[in-house]
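Descriptive analysis of the structure
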Amino acid sequence: MILSKPRTPEMDAGRHHRARLGFILMSTDLACEADCMDMAPDGVAVHFTRLKTDDHTTNETLARHIDDMADAASRLQPDMRPEVISYCCTSGSIICGEQSVFREIRKGAPWAQPMCIVTGVMDALREVGAQKIVVGTPYLDEINTAEAAYLAQAGFDVLDIQGLQLATGIEFGRVTPDYWKQFALDLDRPDADAIFLSCSGIRALEVVDEIEQIVGKPVITSNQAQFWSCLRRAGIMDDLQGFGQIFKHSGRAISGTVPR
């Protein structure tokens, strides 16, 4: 029989001692996880779970996401308890409704601040002072119509919204970053305060700095805005480089916690 010698291990606060963020992704999302990992500052954990979702994105299929939201939230590191848990689907956030998403996340993870990606988008747009916006999406027009109405109801003037008419998450994730840059430049208008590139499953974060340098105005992407808002809500005020000018903003109005 083996008998180990008595020892007293040296312990600290752990690798992720500053904050823990949880994200609920669609099973077909090819971009959000990588984007969040790229943006994560030292000492901040990012945890992921996925909803089983149809690889055909319509208003009808998006509405089904709410059915499994609470269960997905409950699986996000329940022993470590992330400070914030966010649902990572822009169009799904709109179709299901922010308050419905928050309610279901609270059911599964009552210890966490509930979030969803469209909330982060509106946080970011307001933070940069954007009132008039143009929007580029990969979506079908039935989703674009719902998104334009949602943003307008939230107080934004949607000067234009254009979609690529793609129907599957796999297609969303295969559109190149350079195409998103060209699409954004084509959409831009002199009277637009900001450009919003909508969808967690697109590879727009990689070119957000390039677009901003060309157009001279803020460019908001779904993943960038969500991550910025989640960090600020968790009290993390880091100015991250390479992911757009939004990270130069503290966002103290949405945080309510002590900066770390």
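Before any of the text, the structure's been laid out above.
Residues numbered from 1 in each chain as written. Predicted model: local features only at pLDDT ≥ 70, side-chain atom pairs only at ≥ 80, totals over all residues. Heavy atoms only, no water.

1. With respect to the packing of helix 1 (residues 32-39) against helix 11 (residues 222-233)
For the pair helix 1 and helix 11, interaxial distance at closest approach is 10 Å and the crossing angle is 45°. Between helix 1 and helix 11, the crossing angle belongs to the class labelled oblique. In this structure, helix 1 meets helix 11 at a crossing whose hand is right-handed. Residues Cys32, Asp35, Cys36 and Met39 of helix 1 touch helix 11, and the partners they reach there are Asn223, Gln224, Gln226 and Phe227. (Axes fitted to C-alpha atoms, helices over the stretch in contact; angles between N-to-C directions. Helix = DSSP H or I, 4+ residues; strand = E, 2+ residues; numbered from the N terminus. Parallel < 35°, antiparallel > 145°, perpendicular 65-115°, else oblique. Left-handed = near helix turned anticlockwise from the far one by under 90°. Contact = heavy atoms within 4.5 Å.)

2. Here's the deal with the sheet that holds strand 5 (residues 132-137)
Spatially, 6-5-7-8 is the arrangement adopted by the 4 strands of the open sheet, whose pairing is parallel. Taken across any chain shown, the strands that pair with only one partner, and hence form the sheet edges, are strand 6 (157-163) and strand 8 (219-221). Going from strand to strand, the sheet's axes swing by 20° on average, the running direction of each strand aside. Note: strand 7 (residues 194-197) against strand 8, 3 bridges, orientation parallel. Counted as the bridge partner of phenylalanine 196 is isoleucine 220 from strand 8. Packed on one face of the sheet, helix 9 (residues 177-187) meets strand 5, strand 6 and strand 7 and runs near 145° to strand 5. Sitting on the sheet, helix 11 touches strand 7 and strand 8, and the angle it makes with strand 8 is about 85°. (Pairing = 2+ DSSP bridges.)

3. So, the packing of helix 6 (residues 117-127) against helix 11
The N-to-C vectors of helix 6 and helix 11 enclose an angle of 85°; their axes lie 7 Å apart at closest approach. Between helix 6 and helix 11, the interaxial angle falls into the category roughly perpendicular. Along its contact with helix 6, which presents Ile117, Thr119, Gly120, Val121, Asp123, Ala124 and Glu127, the element helix 11 presents Ser222, Asn223, Ala225, Gln226, Trp228, Ser229 and Arg233. Grouping the amino acids of the contact of helix 6 with helix 11 by side-chain chemistry returns 5 nonpolar, 6 polar and 3 charged. (Nonpolar A, V, L, I, M, F, W, Y, C, P; charged D, E, K, R; others polar.)

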